[in-house]
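Observations on the model geometry
What follows is each chain in one-letter form.
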Amino acid sequence: MWIRDEFEKNCDCLNERESDLHCFLSMQTEKARARMLRQEELLAQVGEAEARRRFPLLGMTLGVKDNLCVEGFPATCASKMLEHYVPVYTATAVDRALAAGAILMGKTNMDEFAMGSSTETSCFGPTRNPWDRERVPGGSSGGSAAAVAAGMARAALGTDSGGSVRQPAALCGVVGMKPTYGKISRCGLIAYASSFDEIGTLTRNVEDAARLLAVMEGYDGRDDSMCREAPTSDYRSALAGGAAGLRIGIPQGWLGEGLSEDVKRALLAAVERFRTAGAEIETTELPLTEYAVPVYHVLSFAEAGSNLGRYHGVLFGRRAEREALEEMYDATRARYLETEVKRRILLGTFVLAGGNYDVYYRQAERVRQSLRRNFDRAFRRYDLLLGPTTATTAWKLGEKLADPMAMYLSDSYTAAANLTGLPAVSVPCGSDSRGLPVGMQLIAPAYREDMLLRAAAAWERIRENDA
């Protein structure tokens, strides 16, 4: 049966490539196999139509980023601090996906506490890009993106605070989508920056992204402060909508300095194909987007400094034994947190300290609100905004590790959607001169995932027809 065939194909890829790519931090292939066999039995008993009605994600093998809790399964956040932490509950999004028939293959590698853009800050070693093992897969959801690209799982869940689903999707040549902030419950997501953190999907095609979103979205009382009761859409109909009549704006600043010629060439070629398919596309101005990266980092670092204050060796996580309490705090954090996490905590503490609050944090919040208004104005004229997902294709392992600013600029085109809470997707749109994948980003108004998926699916068909 097809469920077994697809499952075995994923397992073969795992056996062949995992030791080389290091996409997973832990796996449960035997439990996954047992679940697959039960689904086969159900399929034989009730038929495919009824089985799919009961379980919309029937047979979908799934990787889950290691900052999402699964009961009885490690959730390390790729950090020594949580190396032995085993949650006693399952994240709402994961629980809904599993209840809909997804088959959990394991927990995927990531940057430590989701702080990074290359999956190189993982305390358990980097993930490598399936297109070129000497290059990064992006981050912080690099393990999830690489697992899907390599065929180890049909789909994976990641988290996106400043681009951590879309950026690795672009570098690995898969579809990466984050919905509107609050569309998917954050319950069971180990926090980095609470007003930015979102759960997103990494898939091989747009349809699977829509299927995952449909089962994971919706209000959750366990995330009552942020998870909203929003209208649902008919994503199946949206996928068939086509490109004709879509009004799309390209912010002029996204095509300027810093964008590699290879990425720009692939993006502009994609724009022309979109136009040929009937979309109306023009360049436009979108003020303040050039400040998205510094504003994002000021605010997210401040939230990280607050959220990670809990890792002091008292309640949970690792502990360095010392007689004096403050010495124990210091020793625990020094031993079990690595450089990038410490850097962000220190910078976040600085931003919030004394008079710095008004100079940095409050001013960044003002720019955030202004940026939201600018996007609102743009969406009065356009259905969607289009641009690159990343400035370059995948870079070599180690190339940016010694230069934090270069790494932070990896969020140049993605951070704005997190600052504004808007839904966004990265879809493959070509390749560079080395054959590495290029990603195109689409951003829609809040709660217009149907519009976003319509455009992404239309682009996918355009590419298929050109092939």
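Just above sits the structure.
To start, this report covers the structure provided alongside it. As the structure is a prediction and not an experimental result, all values here were calculated from the model. Each residue is numbered by its place in its chain's sequence as written, counting from 1. Under the rules for a predicted model, residues below a pLDDT of 70 receive no local features and side-chain atom pairs below 80 are neither given nor counted, while totals for whole chains, interfaces and linings still include all residues. Side-chain calculation: all heavy atoms of the structure are included, whereas hydrogens and water are not.

1. Description of the overall build of the protein
Runs of E in the DSSP output that reach at least two residues are strands. Runs of H or I that reach at least four are helices, and both are numbered from the N terminus. From N to C terminus, the protein includes 16 helices and 11 strands. We compute the radius of gyration over the C-alpha atoms and compare it with the globule rule, which gives 2.2 Å times the number of residues raised to the power 0.38. Its C-alpha radius of gyration of 21 Å places the protein within 12% of the 23 Å reference for a compact globule of 467 residues. Along the longest, intermediate and shortest principal axes, the C-alpha atoms of the protein span 70 × 55 × 45 Å. Whether two residues are in contact is decided by their heavy atoms: any pair within 4.5 Å suffices. Taking the intrachain contacts of the protein between residues at least 6 apart in sequence as the baseline, contacts between residues at least 24 apart amount to 76%. We get accessible surface area from the Shrake-Rupley algorithm with a probe of 1.4 Å; when it comes to residues, only the shown protein chains can shield them. Counting every atom, the protein has about 18100 Å² of accessible surface; 50% of that belongs to carbon and sulfur. His is not counted, nor are the chain ends; Lys and Arg add positive charge and Asp and Glu add negative charge. Charge coordinates come from a single atom per side chain, which is NZ of Lys, CZ of Arg, CG of Asp or CD of Glu. Charge separation in the protein, taken as the distance between the mean sites of 56 positive and 61 negative side-chain charges, equals 2 Å.

2. Focus on unusual backbone geometry
Residues Gly-139 and Ser-140 are joined by a peptide bond in cis, for which omega reads 5°. Looking at the secondary structure, you find Ser-140 in the loop between β3 (103-108) and α5 (142-150). A positive phi is found at Thr-119, a non-glycine position, where the angle reads about 65°.

3. Points about the sheet that holds strand β2 (residues 61-65)
Sheet strands pair via backbone hydrogen bonds, and the direction of the pair is either parallel or antiparallel. Between any two strands, pairing holds if DSSP finds at least two bridges. Read across the sheet, 11 strands follow the order β1-β3-β2-β4-β6-β5-β10-β11-β9-β7-β8 without closing on themselves; strand pairing throughout is mixed. Only two strands of the sheet have a single partner each, and these edge strands are β1 (24-27) and β8 (280-284). Within the sheet, the average angular offset between the axes of one strand and its neighbour, ignoring direction, is 30°. As defined by bridge partners, strand β7 (residues 247-251) adjoins β8 across five bridges and the pair is classed as parallel. For Gly-249, the partnering residue across the bridge sits in β8 and is Glu-282. Sheet contacts for helix α16 (residues 449-466): β5 (175-178), β9 (384-388), β10 (424-431) and β11 (437-443); angle to β10, the most-contacted strand, approximately 10°. A fitted line through C-alpha atoms serves as each axis, taken over the contacting stretch for helices, and the angle formed by two N-to-C directions is quoted from 0 to 180°.

4. Quick look at the environment of Gly-143
By the secondary structure assignment, Gly-143 is in helix α5. Partly exposed residues are those whose accessible area sits between 20% and 50% of the maximum for their type, while under 20% is buried and over 50% is exposed, using a 1.4 Å probe and protein chains only. Of the residues examined, Gly-143 reaches a relative accessible area of 0% and is grouped as buried. Sequence spacing of Gly-143 and Arg-366 is 223 residues, and the spatial spacing of their C-alpha atoms is 35 Å. Once you skip the residues sitting within four places of it in the chain, Gly-143 turns out to touch Cys-23, Thr-108, Asn-109, Thr-119 and Thr-127.

5. Some points on the pairing of β5
Covered by surrounding structure in β5 are Val-175 and Met-177 together with Gly-176 and Lys-178, the residues of both alternating faces. Where β5 and strand β6 (residues 199-203) come together, three bridges link them in antiparallel fashion. Note on β6: the bridge partner recorded for Gly-176 is Leu-202.

6. Regarding the side chain of Ser-79
When you line up the elements, Ser-79 lands in the loop between β2 and α4 (92-99). Here Ser-79 falls in the buried class, since its relative accessible area comes to 0%. Of note is the side chain of Ser-79, whose polar atom sits 3.1 Å from the backbone nitrogen of Met-81. Filtering out sequence-adjacent residues up to four positions away, Ser-79 remains in contact with Glu-112, Phe-113, Cys-123, Phe-124, Tyr-336 and Leu-337. For the purposes of these results, a polar contact is taken to be a pair of N or O atoms within 3.5 Å, where, inside protein, one atom must be able to donate a hydrogen and its partner to accept one; residues adjacent in sequence count only when each atom of the pair is a side-chain atom.

7. Comments concerning the pairing of β6
Burial of β6 is extensive: five of the five residues sit out of reach of the surface. With burial as the criterion, each face of β6 is covered, one bearing Ile-199, Thr-201 and Thr-203 and the other bearing Gly-200 and Leu-202.

8. Section: the packing of helix α12 (residues 339-352) against helix α13 (residues 356-381)
At a minimum axis separation of 6 Å, α12 and α13 run at an interaxial angle of 110°. As judged from the angle between their axes, α12 and α13 are roughly perpendicular. On the side of α12, the interface is formed by Phe-350, Val-351 and Leu-352, while α13 contributes Asn-356, Tyr-357, Tyr-360 and Tyr-361. Only Asp, Glu, Lys and Arg are considered charged, only Ala, Val, Leu, Ile, Met, Phe, Trp, Tyr, Cys and Pro nonpolar, and every remaining residue, Gly among them, polar. A breakdown of the residues in the contact of α12 with α13 according to their chemical character gives six nonpolar, one polar and no charged. Orientation is classified from the angle alone, with under 35 degrees giving roughly parallel, over 145 giving roughly antiparallel, 65 to 115 giving roughly perpendicular, and any other angle giving oblique.

9. Brief notes about the packing of aromatic side chains
Only Phe, Tyr and Trp rings are paired, with Trp represented by its six-membered ring, and only when their centres lie within 6.5 Å; those with planes under 30 degrees apart are stacked, over 60 edge-to-face, the remainder tilted. Taken as a whole, this structure holds seven aromatic pairs when the rule is applied. Aromatic pair Phe-196 and Tyr-296: ring centres 5.3 Å apart, planes at 85°, arrangement edge-to-face. Of this pair, Phe-196 sits in the loop between β5 and β6 while Tyr-296 sits in helix α10 (residues 292-307), placing them 100 residues apart in sequence. The class for Phe-196 is buried, based on a relative accessible area of 0%. Here, a charge over a ring is recorded when the distance from Lys NZ or Arg CZ to the ring centre is within 6 Å and its angle to the ring normal is within 35 degrees. If you follow Arg-368 out to its NZ or CZ, it ends over the ring of Phe-196, 4.3 Å from the centre. Over the face of the ring belonging to Trp-395 we find Lys-400, whose NZ or CZ atom lies 3.8 Å from the ring centre.

10. What about the nonpolar core?
Side chains that are nonpolar tend, in soluble globular proteins, to be buried together. What makes a nonpolar core is a set of buried Ala, Val, Leu, Ile, Met, Phe, Trp, Tyr and Cys residues whose side-chain atoms join them at distances within 4.5 Å. Core analysis: the biggest nonpolar cluster contains 114 residues, and Phe-113, Leu-212, Phe-274, Phe-375, Leu-386, Met-440 and Ile-443 have the highest contact counts within it. Ranked by residue count, the leading element in this core is α16, at nine residues. Excluding residues within four positions of it along the chain, Leu-212 makes contact with Leu-57, Met-60, Leu-62, Ala-97, Ala-155, Leu-157, Thr-201 and Thr-203. If you look at the next biggest cluster of nonpolar residues, it comprises 28 residues, including Phe-7, Leu-42, Ala-145 and Ala-156.

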